[in-house]
Amino acid sequence: MHNRLIVGNIKMNLLTVRDRDGYLQDMRNRLRNAVTRGVDIVLCPPDIHLEEFATILEKQSVSLGLQNVFWERKGAYTGEVSPVMAKSFGAQYAIIGHSERRLYLGETDDMVAKKAKCACEEGMNIILCVGESTEERNRGLSEERVLKQLTRSLEHFPKGKIGNLTIAYEPIWSIGTGHTPESAEILSMHTIIRDTIGKIFGSGAGSYVRVLYGGSVDSKNIERVCVDVDMDGVLVGGASLHPDEFIRIVEKLRIVS
């Protein structure tokens with residue numbers, strides 16, 4: 001049985017060097033005093049801060065990731081970051097297909113599939129995001145939407161690299177709203193995701209993949225959104241901007257474990 005996973009998606013925050021340095025000092029101090037045995041922690045800062053995060057947090061019990069990578073290893077792709085570059089600067093994980101990128105930047109399942117394939121082939125761990133909108137939920141299409149996203153986004157994923165794959169279920173209607181699904185809803189979607197992984201990669205494959213929940217996660221609701229042993233962890237957004245709150249989530253998830 002693998003450890004539970006807590007991923008902090010810092011998004012487009014820590015706007016100045018001062019903000020970044022203050023955050024890192026606070027996070028480093030809190031990690032030193034935290035009990036993290038039994039959980040894996042990943043922080044995903046903006047690209048521009050990755051090297052400093054790697055330097056300051058080098059001896060802490062935390063891994064680093066990026067919030068996105070491109071599907072080519074190098075070339076004339078202005079503004080993009082390749083998995084090769086990400087790894088060389090200390091990133092072991094990559095969030096791919098986050099709903100905000102799908103919504104604001106027009107990322108399609110095909111684009112997500114190419115990114116996941118390339119990053120995985122370079123040895124990165126993939127955190128693939130799926131989830132339904134408010135309209136899809138109200139129309140009873142949540143399961144259909146997630147199934148389509150999974151199937152299309154994993155179309156090119158190497159079967160031998162299933163251990164590098166994590167799925168984050170993040171219902172779009174929950175992100176940043178303070179509203180979260182009931183525990184039974186989350187667990188039901190986790191089961192659907194695992195069954196789908198098994199259909200794509202073969203019987204039993206779902207047991208090798210960690211399935212996270214993401215969407216307005218904080219220390220007050222962590223026991224509810226990750227109450228069952230089949231829930232493998234969380235993708236944390238806004239709460240990851242506050243090291244004290246983030247570490248509370250880490251410690252509570254460890255206790256729940």
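All values derive from a computational prediction rather than experimental measurement.

Visitor: Go over the layout of surface pockets with me, naming the residues and quoting the values.
Guide: Taken as a whole, the largest pocket spans an internal volume of roughly 520 Å³. The element contributing the most residues to the lining of the largest pocket is helix 4 (residues 99-104), with three residues. Classifying every residue of the lining of the largest pocket by side-chain character gives seven nonpolar, five polar and five charged. Each pocket or cavity is described by its volume, and for the second largest pocket that value is around 220 Å³. Residues of the lining of the second largest pocket, tallied by class, amount to five nonpolar, eight polar and three charged.

Visitor: Please give an account of a nonpolar patch on the surface that cites residues and values.
Guide: A grouping of Leu103, Tyr104 and Leu105 is seen on the molecular surface, where their side chains present a nonpolar patch of about 390 Å² in accessible area. Looking at the element boundaries, Tyr104 is found in helix 4. For Tyr104, a relative accessible area of 63% puts it in the exposed group.

Visitor: Would you mind going over the environment of Leu241 in detail, with residue names and values included?
Guide: With respect to the helices and strands, the residue Leu241 is situated in the loop between strand 8 (233-236) and helix 10 (243-256). Sequence spacing of Leu241 and Pro45 is 196 residues, and the spatial spacing of their C-alpha atoms is 9.9 Å.

Visitor: A description of the pattern of salt bridges should follow, citing residues and the corresponding values.
Guide: Under the counting rule described, the total for this entry stands at 18 salt bridges. The closest approach of N and O atoms between Arg194 and Asp232, which form a salt bridge, is 2.3 Å. Remark: Asp232 occurs in the loop between helix 9 (222-225) and strand 8 and Arg194 occurs in helix 8 (residues 183-201); sequence separation between them is 38 residues. One salt-bridge network, held together by shared partners, links Arg73, Lys117, Glu121 and Glu122.

Visitor: How would you summarise the packing of aromatic side chains if you had to cite specific residues and measurements?
Guide: Within the structure shown, the criterion is met by five aromatic pairs. Aromatic side chains Phe70 and Tyr77 sit 4.9 Å apart centroid to centroid with 45 degrees between the ring planes, which places their arrangement in the tilted category. For Phe70, a relative accessible area of 8% puts it in the buried group. Feature note: the residues Phe70, Trp71 and Tyr77 constitute an aromatic cluster, connected by ring pairs. Note that Lys114 overlies the ring of Trp71, its terminal NZ or CZ placed 4.0 Å from the centroid. The lysine or arginine in question, Arg137, covers the ring of Trp173, its NZ or CZ lying 3.9 Å from the ring centre.

Visitor: Quick rundown of the packing of helix 5 (residues 109-121) against helix 7 (residues 142-153)? Include the residues and the values.
Guide: Two numbers describe how helix 5 lies on helix 7: the axes approach to 8 Å, and their chain directions differ by 45 degrees. With respect to helix 7, the axis of helix 5 lies oblique. Across the interface between the two elements, Asp109, Val112, Ala113 and Ala116 from helix 5 touch Lys148, Gln149, Arg152 and Ser153 from helix 7. When the residues that make up the contact of helix 5 with helix 7 are grouped by side-chain class, the tally is three nonpolar, two polar and three charged.

Criteria and cut-off values
Residues numbered from 1 in each chain as written. Predicted model: local features only at pLDDT ≥ 70, side-chain atom pairs only at ≥ 80, totals over all residues. Heavy atoms only, no water. 1 Å grid on protein atoms, 1.4 Å probe; cavity = no way out; pocket = protein on both sides within 12 Å on 5 of 7 lines; lining within 4 Å. Points joined across faces, edges and corners; volume = space filled by probe spheres on them. Helix = DSSP H or I, 4+ residues; strand = E, 2+ residues; numbered from the N terminus. Nonpolar A, V, L, I, M, F, W, Y, C, P; charged D, E, K, R; others polar. Patch = residues over 30% accessible without salt bridge, like charges linked within 9 Å, V, L, I, M, F, W, Y side chains within 5 Å. Areas by Shrake-Rupley, 256 points an atom, 1.4 Å probe, with all protein chains shown as cover. Salt bridge = Lys/Arg side-chain N within 4 Å of Asp/Glu carboxyl O. Buried < 20%, exposed > 50% of the residue type's maximum accessible area, 1.4 Å probe, protein only. Phe/Tyr/Trp six-rings, centres within 6.5 Å; stacked < 30°, edge-to-face > 60°. Lys NZ or Arg CZ within 6 Å of the ring centre and 35° of its normal. Axes fitted to C-alpha atoms, helices over the stretch in contact; angles between N-to-C directions. Parallel < 35°, antiparallel > 145°, perpendicular 65-115°, else oblique. Contact = heavy atoms within 4.5 Å.

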